[in-house]
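Chain by chain, the residues:
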Amino acid sequence: MLCYHCMREKGDAEICPHCHAQGSVELQPHQIAPGTVIGNRYTLGNVIGEGGFGITYEGLDQVLNARVAIKEYYMTGFVNRNVAASLDVIPSVGEKAETFRKNREKFYSEAMVLAKFGEEDGIVRIQDYFQENETAYIVMEYLDGGTLKDRLNSQGATMA
Ligand SMILES: [Zn+2]
């Protein structure tokens, strides 16, 4: 069994021998369940955090067998989803749907630019980006602990 926190194999153990994570994280109805594969390549783990513009998940790149962080574009208040019915993000009607689509485009094109410029200081390296479930995803190198969160927060401002 995969540990959905550190994305390493933990066997039948209740408590992960690698990171000591225990049990499962409670999900909200719009958050995708751990174990789901997206982009034909990435296994999602636990939700790391959620802001107004997206949900960040732990992830495992099955091709490189490497831990990653995956940000899903999800505009709170502008879209809805119930993963029990479908993984597709459903935009609200009218202007809100228009705003969501515009921002999704922007998010995606910024990901392309950031992926090109890789190694700059203080910028999380983007390894991949794709569209699925009526929204967009970016795959980032995994950085440990607080730094990841801090960097995601500061980067989140420009990704809005
Ligand atoms: Zn673990």
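Every chain's residues receive numbers from 1 upward, in the order its sequence appears when written. Note on the predicted model: pLDDT of at least 70 is required for a residue's local features to be given, and 80 or more for side-chain atom pairs to be given and counted; whole-chain, interface and lining totals, by contrast, use all residues.

Participant: Talk me through the environment of Asn 65; I want residue IDs and the actual numbers.
Facilitator: Within the element layout of this structure, Asn 65 appears in the loop between strand E3 (54-61) and strand E4 (66-73). Residues Asn 65 and Met 7 lie 58 residues apart in sequence; the distance between their C-alpha atoms is 9.5 Å. Every helix listed is a DSSP run of H or I at least four residues long, and every strand listed is a run of E at least two residues long, numbered separately from the N terminus.

Participant: Could you give an account of the pairing of E4, with specific residues and numbers?
Facilitator: Across the eight residues of E4, six count as buried, placing the element largely inside the fold. Between any two strands, pairing holds if DSSP finds at least two bridges. From the end of E3 to the start of E4, which pair antiparallel, there are four residues, and Asn 65 there has a positive phi angle of about 50°. Relative to strand E8 (residues 135-141), E4 runs antiparallel, the two being bridged by five bridges. In the strand pairing of E8, Ile 70 is matched with Val 139. The exposure label follows from counting other C-beta atoms within 10 Å of a residue's C-beta, where the C-beta atoms are placed from the backbone and the thresholds are 20 or more for buried and 12 or fewer for exposed, leaving partly exposed in between.

Participant: Go over the sheet that holds strand E2 (residues 42-51) with me, naming the residues and quoting the values.
Facilitator: The six strands are arranged E1-E2-E3-E4-E8-E7 in an open sheet whose pairing can be described as antiparallel. In the strand order of this sheet, the two ends are held by strand E1 (37-38) and strand E7 (126-132), each with one partner. Of the strand pairs in this sheet, E7 and E8 are connected by six bridges, and their pairing is antiparallel. Across the sheet, residue Glu 132 finds its bridge partner in E8, namely Thr 135.

Note that every value here comes from positions in space, so none of it alone points to a role or purpose.
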